[in-house]
Amino acid sequence: MANSAFLVSTVLLSCLAATCYGATISSLKETLLVTASPTPGQVVKAGEDKITVTWSYNNTFASGTDSTYKTIQVKLCYAPISQVDRAWRKTVDNLAKDKTCQFKIVAKPYSPSNNTFTWTIERDVPTATYFVRAYAFDSANEYVAFGQSTDAHKTTNLFQIQGISGRSVSIDIASICFSAFSVVSLFGFFFMEKRKAKASQQK
Amino acid sequence: MADIEGSPGSSMHGVTGKEQTFAFSVASSVVPTDTTAKFDLPVDSEHKATVFKIYSFANPHMRTFHLSWISFFTCFVSTFAAAPLVPIIRDNLNLTKQDIGNAGVASVSGSILSRLCMGVVCDMLGPRYGCAFLIMLSAPTVFCMPFVSSAGGYITVRFMIGFSLATFVSCQYWMSTMFNSKIIGLVNGTAAGWGNMGGGATQLIMPLLYDVIRKTGSTPFTAWRIAFFIPGMCHVIMGILVLTLGQDLPDGNLNTLQKKGNVNKDKFSKVLWYAVTNYRTWIFVLLYGYSMGVELTTDNVIAEYFYDRFSLNLHTAGIIAASFGLANIVARPFGGFSSDYAAKKFGMRGRLWAVWILQTFGGVFCLLLGRANSLPIAVTMMILFSVGAQAACGAIFGIIPFISRRSLGIISGMTGAGGNFGSGLTQLVFFTSSRFSTSAGLSYMGVMIVCCTLPVTLVHFPQWGGMFFPASNDVDKGSEEHYYGSEWSEEEKMKGMHQTSLKFAENSKSERGRRVAPAPTPSPTPPNSTPSNV
């Protein structure tokens, strides 16, 4: 419930930000350093495991570059391997249309260092390979910078999340019961009618 | 109506070809009303209703109508129930575009075979058991959806649920046991159109159920599974209603149907031969594949398309997608009406032009739908596309009864199967590979619709003409009797097996339109055969 609110507001926010100002990812500077706790190739479970994200300003850039940064949004993003044959997760340059990062981890006011957040992976996160990205926004909610836990080609430091199956024993049992009822009542009716017909014929 | 019971083609028994698609009732001077029968509706000598009162539930005629179309509607709902939920399912099961496309193909392929078998089942068990068996045995397949955890399972379950679309055949068969042939066109067209609406209604119902279940606290990946219980339970409920409230015939149940002796059973191989060797059959199979076929394809892809392309939420995408299928309530009857209206003035030539115009219209708007970049334009193009395609379906079935009298049942079955085949093919070609996007797929499909409608220009009836060429001037070959009589060999004509075809030929002269001087009709006793005492 809260997730869909986050999701909708994230989409709206990025729509507002980008459609008003047409931000593209290639125009953003990668001035943030982001790390995520899962080791490369590790598999973590949705709904159970936690990941810890840290982000900070990369001091090799000139000081004052981050003067416009007001808020940070940290998001979970699909790695290229999970985007193959799945156009609904496509990466496009226009941030308003980009679908790479569909899950919001946290939004916080900007500070250059000592930023960390531990997130319990939500149960609607599907099975896929991911990395973490942080976007910086200015006071007008415009994209100004970003940082990610992987390299520019999105090949290193990727981790996997194992989504929940969505099945449960009670649903399975209910399915079986209803199916059995359907078949039994059909054949029951059929044979009952046949017997009635035979009985009335014999009379 | 003396009909050959139990023979191939008799599943369309009752259909003569003269029925106006929009006659609501038959004047009792045209069909003698049986005044001794105690039914709520006026009936003919076979106790088939001669009046169609939509709002009545009178037993047995109107009750049968409602049981029948609602069963068909339910099967449509469950066959396309996954489509509006694909944005959730694709994440839960880690599906690729190929998996989604293959599942769509599978969902319409199963019924190709099941529809062909259903005619036989109805002949053997009667339409009431045919319908009940199918709907209650496909309920477990719907209940299998909550078990699915992989792409393979998803495709398999959608394939199995798709078998239930054969309720179309039981629906039409059951209608023809209950309604007089003069109004059967309207009754069957209404039942088919309202049943097809299920493909639209499901796009509204399933996201709504999903939202309600989410609000009770379920996560998305569980909520969609629970949502499938509703269509499943509807199958069971409808099955029970059909068994308890339905009856096969106006006078009671099946047992008497098969006991009628003195039937001239036609040979299946011959009936099949005359269906297959008539080139018009294949042209209309192709055409129906690109009117009904694209309608089914669009039912499968349109919700996901609007969800992704215009970033709508599931609920809104579902509402838009629903309006595509729900247009059936007026669009399909409108197609039948246009066909009949054109036939009044121009005969069969008018009917052919009506099909070509409506279907091409649909194809053009499908192309524009794919190219539309803004939401209001896309919705408008989609609605115009739906009207074109669905009206074309109605118009095609305005022509089917005239292609053959002997093989009418098989041709109808083949056409229906062609619809599903066309759907499977278009989904496979345009919506399964990642080579082009869904919007490009829609545009290409529109182009293919226009191209595949062109063969209707080749259809020519010697007695009535074609789109561009008038009827043959040959006195003998240009007659209806010759056309329908040519399906029978000389020995068969000697046995008098072709009498119903001759009767039909006489009735079908209305397809000449307003031609002033009809060709002189040959004598009622064709040469080389003695008139039999029927």
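These figures come from a predicted structure and were not determined experimentally. (Residues numbered from 1 in each chain as written. Chains lettered and ligands numbered in written order. Predicted model: local features only at pLDDT ≥ 70, side-chain atom pairs only at ≥ 80, totals over all residues. Heavy atoms only, no water.)

Let's shift gears to the state of the cysteines. Here, the word disulfide means a covalent bond between the sulfur atoms of two cysteines. Residues and elements named next belong to chain A. Taken as a whole, this structure holds one disulfide over all chains when the rule is applied. Each sulfur in the disulfide pair cysteine 77 and cysteine 101 lies 2.1 Å from the other. Because the torsion about its S-S bond is 100°, the bridge between cysteine 77 and cysteine 101 counts as right-handed. With cysteine 77 in strand E5 (residues 71-78) and cysteine 101 in strand E6 (residues 101-109), this residue pair connects regions lying 24 residues apart in the sequence. For the residue pair cysteine 77 and cysteine 101, the accessibility class agrees, reading buried in each case. (Disulfide = S-S within 2.5 Å. Helix = DSSP H or I, 4+ residues; strand = E, 2+ residues; numbered from the N terminus. Buried < 20%, exposed > 50% of the residue type's maximum accessible area, 1.4 Å probe, protein only.)

Now for the side chain of A:Ser179. Here A:Ser179 lies in helix H2 (residues 169-202). Judged by relative accessible area, A:Ser179 falls into the buried class, the value being 13%. Dropping the residues within four chain positions of it, A:Ser179 is found in contact with B:Pro140 and B:Phe143. (Contact = heavy atoms within 4.5 Å.)

Turning our eyes to something else, we now look at the pairing of strand E4 (residues 50-57) of chain A. Consecutive side chains of a regular strand alternate in pointing toward one face of the sheet and then the other. All names here are of chain A. By the alternation rule, side chains of E4 split into Ile51, Val53, Trp55 and Tyr57, which are all buried, and Lys50, Thr52, Thr54 and Ser56, of which none is buried. Across five bridges, strand E2 (residues 32-36) lies against E4 in antiparallel orientation. When the bridges of E4 are listed, threonine 35 appears paired with threonine 54. Here E4 runs beside strand E7 (residues 115-120); their pairing, made up of six bridges, is antiparallel. Following the sheet pairing, threonine 52 is matched in E7 by threonine 118. (Pairing = 2+ DSSP bridges.)

Across all of its chains, the model carries 39 aromatic pairs over all chains by this definition. Each ring, one from A:Phe190 and one from B:Phe133, has its centre 5.3 Å from the other, and the planes form 90°; the classification is edge-to-face. Placement of A:Phe190 in helix H2 and of B:Phe133 in helix H4 (residues 127-137) is noted, with the two residues assigned to different chains. Relative accessible area serves as the criterion here: at 12%, A:Phe190 is assigned to the buried category. Aromatic pair B:Tyr305 and B:Phe306: ring centres 5.7 Å apart, planes at 75°, arrangement edge-to-face. Grouping residues by exposure puts B:Tyr305 and B:Phe306 together as buried. Geometry around B:Tyr129 places B:Arg128 over its ring, the cationic atom sitting 4.9 Å from the centre. The ring of B:Trp488 has B:Arg406 lying over it, and the distance from NZ or CZ to the ring centre is 3.8 Å. (Phe/Tyr/Trp six-rings, centres within 6.5 Å; stacked < 30°, edge-to-face > 60°. Lys NZ or Arg CZ within 6 Å of the ring centre and 35° of its normal.)

The next thing to look at is the pairing of strand E8 (residues 128-137) of chain A. Residue and element names in this part refer to chain A. For E8, the buried fraction is high: 10 of the 10 residues fall into the buried class. Taking every second residue as pointing to the same face, both faces of E8 are buried, with Ala128, Tyr130, Val132, Ala134 and Ala136 on one and Thr129, Phe131, Arg133, Tyr135 and Phe137 on the other. Here E8 runs beside strand E9 (residues 143-148); their pairing, made up of five bridges, is antiparallel. Each bridged residue has a counterpart across the sheet, and for phenylalanine 137 the counterpart in E9 is tyrosine 143. Hairpin geometry of E8 and E9 is characterised by an intervening segment of five residues between the two adjacent antiparallel strands and by a positive phi of about 60° at asparagine 141.

Residues and elements named next belong to chain B. In terms of nonpolar packing, the biggest core is built from 48 residues, with Phe284 and Leu352 touching the most fellow members. Examining the composition of this core, we find that nine residues originate from one element, helix H18 (residues 375-403), more than from any other. Here phenylalanine 284 is in contact with Leu352, Ile396, Ile399, Ile400, Ile403, Thr415, Val456 and Val459, once residues within four sequence places are set aside. (Core = buried A, V, L, I, M, F, W, Y, C linked by side-chain atoms within 4.5 Å.)

Take a nonpolar patch on the surface next. On the surface, B:Phe268, B:Leu272, B:Val276 and B:Trp282 cluster together into a nonpolar patch covering about 360 Å² of accessible area. For the nonpolar patch, the element with the highest residue contribution is helix H12 (residues 268-276) of chain B, accounting for three residues. (Patch = residues over 30% accessible without salt bridge, like charges linked within 9 Å, V, L, I, M, F, W, Y side chains within 5 Å. Areas by Shrake-Rupley, 256 points an atom, 1.4 Å probe, with all protein chains shown as cover. Salt bridge = Lys/Arg side-chain N within 4 Å of Asp/Glu carboxyl O.)

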